[in-house]
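Structure assessment
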Amino acid sequence: MKKTIQKQMLKVSFLLVLFSSSKSTVWGQGSRVPCGTEKAMKKHYNKNPVSKQQALEFDQFTREFVQNTEVGRMMSHTTYTIPVVVHVFGEDFEGYSVDDNIIKTALEKVNEDFHGLNPDFNEVIPLFRNRRGTLDVSFELAKLDPNGNPTTGINYYPQKSGFGQDDTYDDQIRQYAWDNYKYMNLYVMLDLYADGATNNSGVGWYPDSGMSDNNTARIVYNGRYLWGNDVDNEFQATLTHEFGHYLNLIHTFEGGCNEGDQVDDTPATTANYDCNTTTVLCSGAGIPNASNYMDYSSCRRMFTVGQINRMSAALQHPSRHPLWQESNLQSTGIYGLGPHLLASGFRFYEDVQNNGGIENSVTVTAEDGAEFAVTDGDLIEGIHFTASNIPSGLSVRIQANSSTSVTVSFEGNASFHSDSNDLEGSITFLNPAIVGGTSGLFNPSINNLLFDFINPYQIVYGDMDNVFVNTTFFTWVPFELGVGNATFGGFVFPEAENNLKLESGSKALVCENNSRNISLLEKGDPINSSNNWVEGGFWNEILDLRSTSYRAWEGRSGYIGFQFTNEQGRVVNGWFQASVSSDGTSYTLYDFAYHEDPNATLYAGESGLGKRLALSENLFFEDDLNDGTIAGDIVISAEEGAQFAVASGFMTEGTHFTTSNVPSGLNVRIQANGGNSAVLTLEGTASSHNGSNDISDLTVNFLDAAFIGSASSIYNASFAVVLDFANPYEVIYKDIDDITVNSGNTWGWFYLHDGRIDDFVSFMKMEN
């Protein structure tokens, strides 16, 4: 529960604030953040002790495997081929693009690095040249998808973010994943952690059977840092670095000088961020191998023999071994298909008019010697092709472009086109369509064509957990709306006094003319394409809600207009309700709404629900005295035409409202504050108030007498709130792994896991 986490963070933060700093203190948005694997694996093992135990057991297998390999007793030379599928999300990677050629080149460079064919392989630091090793492994794009259809091995989708997080996005990842025991899944996106940062490079997970079972084994990589993008080819070796993690390689500097990477021929070191060839970083270890791909240096060029042996062991792991088996290489088409037809996509989207029409087309190309017999004009259904399971109201049109290309589109309007009407169809080409007939084709049919319809457009309203941001404790609060790329973050800019911001990544907010100041919209103001939309940017270009030169929001409540891209890749408009404190040191976001129709006008405060009640909170906390009394209140606002019949004084239980699930010792009080507002409090002392006594559904049900009109006309005249008690206070002791921060190891981090603070991380950093 977010608010519970925030409250507990507040209780312990006075111990940590002396040495903690946010991620932006370590690296700014303008610099490149190397790799998130160490943090991801520690978090994964903390949450999954079975995975941790299995990793320890496999470490023992690895040690035995390496020993046997080194004396030549384990196995002869083996060639490995790993089928790869690449999922690309979005089109703009901070000014760079990702296409088939970029992906293919990136994989070629990775393969060169593993085989020692990189141009700078002979420029390794002289001390380590004799330790160089190569692995006979090739990462090859799959040629057959899980349904047996020919594929490029590269899939393109609308923008998404967050797949670099440990398990928060597992459900979404599984929607796109191909069988983890048949394909290595590489996800390319810009915002890896859904925190608005666009400079994180990549993260790869070690072999883990649980992840492969759940179809979440993966590498996640920033498309702006693929080979051919950005300006620094040395940094683009980070993709090779992540592939090393996928094959169980650890950072050479893991744990500083005292832990290491479990490989004997890599000297102890701390992280190198330049090309250190002379300075000893760990006493007695000699100079570090800055040429190693598993460091962070600017001159990475090699793996060691010990690392090659460790990766060879990883290829025996239950989650990696099936990938390179002969049967799997056959089923994923690695050896080629012969003459075949290749579709550029399999999904057809309902058009923006939401009337059952289809907006996109798919190109089918004849590959590896196949040719179309019709090179101009339309192919004729029944002569050149047949179609099955096509939605009623749609007809197939196939236009010839050349002897190797046709375009498939659909005309008309589907008779039924709600989300529940999605279906899969197929097209089969007949002999007259193909030179020499279809008998020599691998696949005369294009199957699994998905018709993706959407429900009638509506306004979507969300009463989210309040997002509270202030200059003292909650200086960075990320949140998401659970749709498309709708991820945002409340942010206080640390370099300026009380500079309150709303991070939106590249998504636009409504701003004042000729500025980056977020407009204060009044209730009923229109939100559409005619507003002054301004895109967010890097961490120091995030749009301002309050600054020393912009104070329109101070002490006021209003609405923020925002945009995001939905699952169909269309930009839609929405609003957040927000307030800024009178002293300009904090702000709160309460709820939101967006219109699914990209062309519609949404009015600030419009929810689509009709008359309704809006709550300032949905959660009561036990008071800090820990005595069963309840702190705070909840403001109930009558919205969109709703109005209370009682304008002042206290409402009467039994006359104006009823309650249920109220703990013994507490009483519900509702005080009217005008016809459009009332304040809900809990008075008294709860008889039982341990954590096990929490109430998830303390219900308030307003009666007809409470409103002008009837309670039945109010969307949510009955609502539930949460009551959160705390256990008796105690001292919690945790013996964390020792962290030493010095001039050679300038930053460290750790998690607190006590059942309440699940993801809190503290950074320690030393400035020279």
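Structural data are supplied above this passage.
Read on for a plain summary of the structure. Because the structure is a prediction, the values reported are computed rather than measured.

Each value, and the rule that gives it
Residues take numbers from 1 onward in each chain, read along the sequence in its written order. Thresholds applied to this predicted model are a pLDDT of at least 70 for local features of residues and 80 or more for the giving and counting of side-chain atom pairs; totals over whole chains, interfaces and linings are not thresholded and use all residues. As a rule here, side-chain values come from all non-hydrogen atoms in the structure, and water together with hydrogens is ignored. Take the buried residues of types Ala, Val, Leu, Ile, Met, Phe, Trp, Tyr and Cys, join any two whose side-chain atoms come within 4.5 Å, and each joined set is a nonpolar core. Any residue under 20% of the maximum accessible area for its type is buried, any over 50% is exposed, and the rest in between are partly exposed; the area is computed with a 1.4 Å probe on protein chains only. Numbering goes from the N terminus for both helices and strands, where a helix is a DSSP run of H or I of at least four residues and a strand is a run of E of at least two. The contact criterion used is simple: two residues touch if any of their non-hydrogen atoms lie within 4.5 Å. We call two N or O atoms a polar contact when they sit within 3.5 Å, provided that within protein one can donate a hydrogen and the other can accept it, with sequence-adjacent residues counted only if both atoms are side-chain atoms. Any helix carries an expected span of 1.5 Å times its number of residues minus one. By definition, two strands form a pair when at least two bridges between them are found by DSSP. To obtain an axis, a line is fitted to C-alpha atoms, over the contacting stretch when the element is a helix, and the angle between two such axes runs from 0 to 180 degrees between their N-to-C directions. Buried and open spaces are told apart on a 1 Å grid over the protein atoms alone, a cavity being a set of points where a 1.4 Å probe fits but cannot get out and a pocket being an open set with protein on both sides within 12 Å along at least five of seven lines. Residues with an atom within 4 Å of a point are the lining residues. Grid points are joined across faces, edges and corners, and a volume is the space filled by probe spheres set on the points. Ten residues, namely Ala, Val, Leu, Ile, Met, Phe, Trp, Tyr, Cys and Pro, are considered nonpolar, four, namely Asp, Glu, Lys and Arg, are considered charged, and the remaining ones, Gly among them, are considered polar. In this scheme Phe, Tyr and Trp rings, the latter by its six-membered ring, pair at centre separations within 6.5 Å, and the angle between planes marks the pair as stacked below 30 degrees, edge-to-face above 60, and tilted otherwise. Charge-over-ring placement is defined geometrically: NZ (Lys) or CZ (Arg) within 6 Å of the ring centre, and within 35 degrees of the ring normal.

Looking at the nonpolar core
Phe114 and Phe139 are the most contacted members of the largest nonpolar core, which totals 42 residues. Counting only elements with at least two residues in this core, the list comes to β2 (80-89), α5 (100-115), β4 (137-141), β6 (184-189), β8 (219-222), α8 (238-246) and α9 (305-314). Sort the elements by how many residues they give to this core and α5 lands first, with 6 residues.

Thoughts on the environment of Asn185
Looking at the element boundaries, Asn185 is found in strand β6. Judged by its relative accessible area of 0%, Asn185 falls in the buried class. Taking the C-alpha atoms as reference points, Asn185 and Val220, 35 residues apart in sequence, are found 8.6 Å from one another. Once you skip the residues sitting within four places of it in the chain, Asn185 turns out to touch Val85, His87, Ala177, Trp178, Asp179, Asn180, Ala217, Arg218 and Ile219. Reaching out from Asn185, the side chain makes a polar contact with the side chain of His87 at a distance of 2.9 Å. For Asn185, the side chain forms a polar contact with the main-chain oxygen of Trp178, separated by 3.0 Å.

Quick word on α5
Here α5 contains 16 residues, and its C-alpha end-to-end distance of 23 Å stays within 8% of the 22 Å for a straight helix at 1.5 Å per residue. Every buried residue belonging to α5 is among Ile102, Ile103, Ala106, Leu107, Val110, Asn111, Asp113 and Phe114, and all of these are buried. The distance from a side-chain oxygen at the start of α5 to the backbone nitrogen of Asn101 is 3.1 Å, and the residue carrying that oxygen is Asp99. Immediately downstream of α5, the backbone of Gly116 shows phi near 70°, a positive value.

Overview of the sheet that holds strand β38 (residues 666-673)
Strand order across the open sheet formed by 5 strands is β32-β35-β39-β38-β36, with antiparallel pairing between neighbours. Single-partner strands in this sheet number two, and they are β32 (612-615) and β36 (648-650). Looking at each pair of strands side by side, their axes are set apart by 20° on average, direction ignored.

Observations concerning the environment of Leu502
Mapped onto the elements of the fold, Leu502 is located in strand β23 (residues 499-503). As for Leu502 and Gly382, which are separated by 120 residues in sequence, their C-alpha atoms are 57 Å apart. Those residues within four positions of Leu502 in sequence are excluded, and the remaining contacts are Phe479, Phe488, Gly489, Gly490, Leu509, Ile518, Ile542, Leu543, Ile560, Phe576, Tyr587 and Leu589.

Quick look at empty space enclosed by the protein
Counting across every chain of the model gives 4 cavities of 30 Å³ or more. Here the largest cavity is characterised by a volume of approximately 130 Å³. Along the walls of the largest cavity sit 18 residues, with Gln159, Asp191, Thr487, Gly505 and Lys507 positioned nearest its centre. Of the residues forming the lining of the largest cavity, the biggest block, 3 residues, is contributed by strand β22 (residues 487-493). Residues belonging to the lining of the largest cavity are distributed by class as follows: 3 nonpolar, 10 polar and 5 charged.

What to know about the packing of aromatic side chains
A full pass over the atoms with the stated rule returns 38 aromatic pairs. Each ring, one from Phe163 and one from Tyr187, has its centre 5.6 Å from the other, and the planes form 75°; the classification is edge-to-face. Here Phe163, found in the loop between β5 (154-157) and α6 (170-176), pairs with Tyr187, found in strand β6; they are 24 residues apart in sequence, far enough to count as distant. With a relative accessible area of 0%, Tyr187 lands in the buried category. Pairing Phe479 with Phe488 gives two aromatic rings, centres 5.9 Å apart and planes at 25°, and the pair type is stacked. Judged by relative accessible area, which is 2%, Phe488 ranks as buried. Through a chain of ring-to-ring contacts, the aromatic side chains of Phe479, Phe488, Phe562, Phe564, Phe576, Phe592 and Tyr594 assemble into a single cluster. Looking at Arg320, its charged tip hangs above the ring of Tyr246, at a distance of 3.6 Å from the centre. Over the ring of Tyr461 we find Arg612, and its NZ or CZ is 4.5 Å from the ring centre.

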